[in-house]
Structures are given as structure tokens and as C-alpha cells.
Amino acid sequence: MRTLDEIDQLKQTGFGQPQPRHGLKLLYWFAKDCLTFDQNNALHLSCYPGNGQFGFHPFQNRYERNGQKLLPDVTFRYYELGNLSKTAAYNMPLYVWEDYESYNKMSNKDRIIVGVNNKWLKTLFVTEHSDRSNFNKHATYQISRRLIRDIRGLSLDDFLLITGYSTEQANSFYTINVNTQSTTSSSTRTQSTYTSATGTSRNQDTCVTIDDTDDSMFEAPSRCNCTIL
């Protein structure tokens, strides 16, 4: 099984893409909100899969239809996360499940699987369903500690942008307020607020040039030069 060490490698797998798939958002939330590194580079869990939080449930590493197990046999427990039809999944942030539609299988096919020993993360995998009850072994990857650390260092907007899931242009809107003047040609600089789909605001300057040197529209109509009979 391939281990992913870099965000570009994650992008190339196509995991969690395109919309309305939720795997990349799920992975980001788990890395950012459920994990912390200690001084020995070990990963401590702040979410507790054994309690069923957020829809976690035990993953039975049984033989798949192809006669193989999805994951290696280990002495610790595996837990699965990502089924958005579970009520507990709605305790995750809105951005994880906002595109879920019960009739659209693409919006609920992604999963993460974690190997847990007490409160410590031993291993992390991403995968996808090939059908209702089986997973795609060829689309299953292990996530390295290095990649987890890289993900944790990014904002959600930047992570989705780098992985190719979204672009700022496609997932943003702009509000621009412009103060115009009725004098000669002038430039007015105003500040626009960029708000991403995930609610992050950024400011940027926009320079708008207004050319009103053409006064023809303000000229009075010419007098009629004619003879009245």
C-alpha cells in the first residue's frame, strides 16, 4: 500500500475529488482538530473513537469481495469515520457535510480509517467505497506523519486550493464599494472584501479609473436655426 508524504501526492490520487465528495474536508478536520503532536512526535487524539464521537465506529478488517483484507492485521483497533448518514456526523463542522445529499452516492463515499492504541494514533488511512459494503483497495492510502503536519499548517481555503478541490475564483465572491466623482478623469482606490466559501475574509485594494472627460452628455441642446412662417 502506498504511503503519502506530500500534499501534491495526495492531490494526484484524486481522493475526495471532485465536489460533492467530502474526503479532503474530512481529512483536514481530523488532522487539524483531532490530533496534536507531543514533544516526541507522537500523535495524541483529542477525539475519542471508542465513544462513537462524530460517527466513529469500529472497522472490521474483514475479507473483501476480492478475497483480500483492506488493511494490514494489527494488535490495536481500527475505527472508521465519514459516513454522513450517521446523526453524530453532524457534530463535525458544517464545511465537512454541507454538500451531503442522501440520494447522491458521490457525496458520501469517502472514509478515513484510524488505528488507535488508547489515546494515541498509530496509523491513518484514506479510502473510498467501491460499492455499498466494500472499499476500493486501489484507492486506499496511508497518510504519513509528515503529511499530517503539513495539513495542520494550512488554512482550509489553502488546503482545498493546493489539492485542486477548489479555486478562489470559483468559491468566492467580492463586494466592492466605489466612490465616483463628477469631475475630470480621476482614480478612486477602494478596499474590497474577499469572502471565501468557508467564511474566511481577506482584504485587497482595487483601483478603479473613472474617465468622465467627455462632457458631451452634459451639453445643452443646440438652438434651432430656422424660419417660422
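Cut-offs and rules
- Residues numbered from 1 in each chain as written.
- Predicted model: local features only at pLDDT ≥ 70, side-chain atom pairs only at ≥ 80, totals over all residues.
- Heavy atoms only, no water.
- Helix = DSSP H or I, 4+ residues; strand = E, 2+ residues; numbered from the N terminus.
- Buried < 20%, exposed > 50% of the residue type's maximum accessible area, 1.4 Å probe, protein only.
- Contact = heavy atoms within 4.5 Å.
- Areas by Shrake-Rupley, 256 points an atom, 1.4 Å probe, with all protein chains shown as cover.
- Disulfide = S-S within 2.5 Å.
- Phe/Tyr/Trp six-rings, centres within 6.5 Å; stacked < 30°, edge-to-face > 60°.
- Lys NZ or Arg CZ within 6 Å of the ring centre and 35° of its normal.
- Pairing = 2+ DSSP bridges.
- Axes fitted to C-alpha atoms, helices over the stretch in contact; angles between N-to-C directions.
- Parallel < 35°, antiparallel > 145°, perpendicular 65-115°, else oblique.
- Nonpolar A, V, L, I, M, F, W, Y, C, P; charged D, E, K, R; others polar.

J.: I tried to follow the overall build of the chain on my own but got confused; where do I start?
T.: When you go through the chain residue by residue, the secondary structure sums to five helices and 11 strands. Considering the chain as a whole, with its 229 residues, one finds that 40% of them fall into the buried category. In the chain, 58% of the contacts between residues at least 6 apart in sequence involve partners at least 24 apart. Of the roughly 13,700 Å² of accessible surface on the chain, a fraction of 46% belongs to carbon and sulfur atoms.

J.: Help me out: how do you make sense of the state of the cysteines in this one?
T.: Think of a disulfide as a covalent bridge from one cysteine sulfur atom to another cysteine sulfur atom. A full pass over the atoms with the stated rule returns one disulfide. Covalent S-S linkage joins Cys34 and Cys47, the inter-sulfur distance amounting to 1.9 Å. Taking the torsion about the S-S bond as the criterion, the Cys34 to Cys47 disulfide, at about -75 degrees, is left-handed. Within this pair, whereas Cys34 is found in the loop between helix 2 (23-33) and strand 2 (35-37), its partner Cys47 is found in the loop between strand 3 (43-45) and strand 4 (57-58), the two being separated by 13 residues in sequence. Owing to a relative accessible area of 0%, Cys34 belongs among the buried residues under this scheme.

J.: Help me understand the packing of aromatic side chains in this model?
T.: Each pair of aromatic rings is reported with the distance of its centres and the angle of its planes. Tallied over the entire structure, the rule returns nine aromatic pairs. Seen in terms of ring centroids, Phe59 and Tyr78 are 6.3 Å apart; in terms of plane orientation they differ by 75 degrees. Their pairing is edge-to-face. On the criterion of sequence distance, the pair formed by Phe59 in the loop between strand 4 and strand 5 (77-81) and Tyr78 in strand 5 is long-range, its members being 19 residues apart. Residue Tyr78 is classed as buried on the basis of its relative accessible area, which comes to 7%. We note Lys69 situated over the ring of Tyr63; from NZ or CZ to the ring centre the distance is 5.1 Å. Over the ring of Phe37 we find Arg149; its NZ or CZ atom is 3.9 Å from the centre of that ring.

J.: Would you explain the environment of Ile143 in this entry?
T.: Secondary-structure assignment places Ile143 in strand 8 (residues 141-143). Here the alpha-carbon distance between Ile143 and Leu4, two residues 139 residues apart in the chain, equals 5.2 Å.

J.: Please clarify how the pairing of strand 7 (residues 120-128) should be interpreted in this entry.
T.: On any regular strand, side chains alternate: one points to one face of the sheet, the next to the other face. Burial of strand 7 is extensive: seven of the nine residues sit out of reach of the surface. As defined by bridge partners, strand 6 (residues 110-117) adjoins strand 7 across eight bridges and the pair is classed as antiparallel. Across the sheet, the residue bridging to Val116 is Leu121, located in strand 7. Hairpin connection of strand 6 to strand 7: two residues between the antiparallel strands, including Asn118 at a positive phi of 60 degrees. Alignment of strand 7 against strand 8, held across two bridges, turns out to be antiparallel. Bridging across to strand 8, Val126 finds its partner in Tyr141.

J.: Help me out: how do you make sense of unusual backbone geometry in this one?
T.: Here Gln17 and Pro18 are connected by a cis peptide whose omega angle stands at -10 degrees. Relative to the helices and strands, Pro18 resides in the loop between helix 1 (7-13) and helix 2. That bond from Gln19 to Pro20 is cis: its omega, 10 degrees, falls within 30 degrees of zero. Along the chain, Pro20 turns up in the loop between helix 1 and helix 2. With a phi angle near 70 degrees, Asn41 is a residue other than glycine that sits in the positive phi range. Among the secondary structure elements, Asn41 is positioned in the loop between strand 2 and strand 3. For Asn41, a relative accessible area of 34% corresponds to the partly exposed category.

J.: Honestly, the packing of helix 2 against helix 4 (residues 145-152) in this entry has me stumped. Any pointers?
T.: Describing two packed helices takes the angle between their axes plus the distance from one axis to the other. Contact pair helix 2 / helix 4: the axes reach a minimum separation of 9 Å and the direction vectors enclose 90 degrees. By the criterion of interaxial angle, the relationship of helix 2 to helix 4 is roughly perpendicular. Touching Leu27, Tyr28, Ala31 and Lys32 of helix 2 are Ile148, Ile151 and Arg152, all from helix 4. Residues that form the contact of helix 2 with helix 4 fall into these classes: five nonpolar, no polar and two charged.

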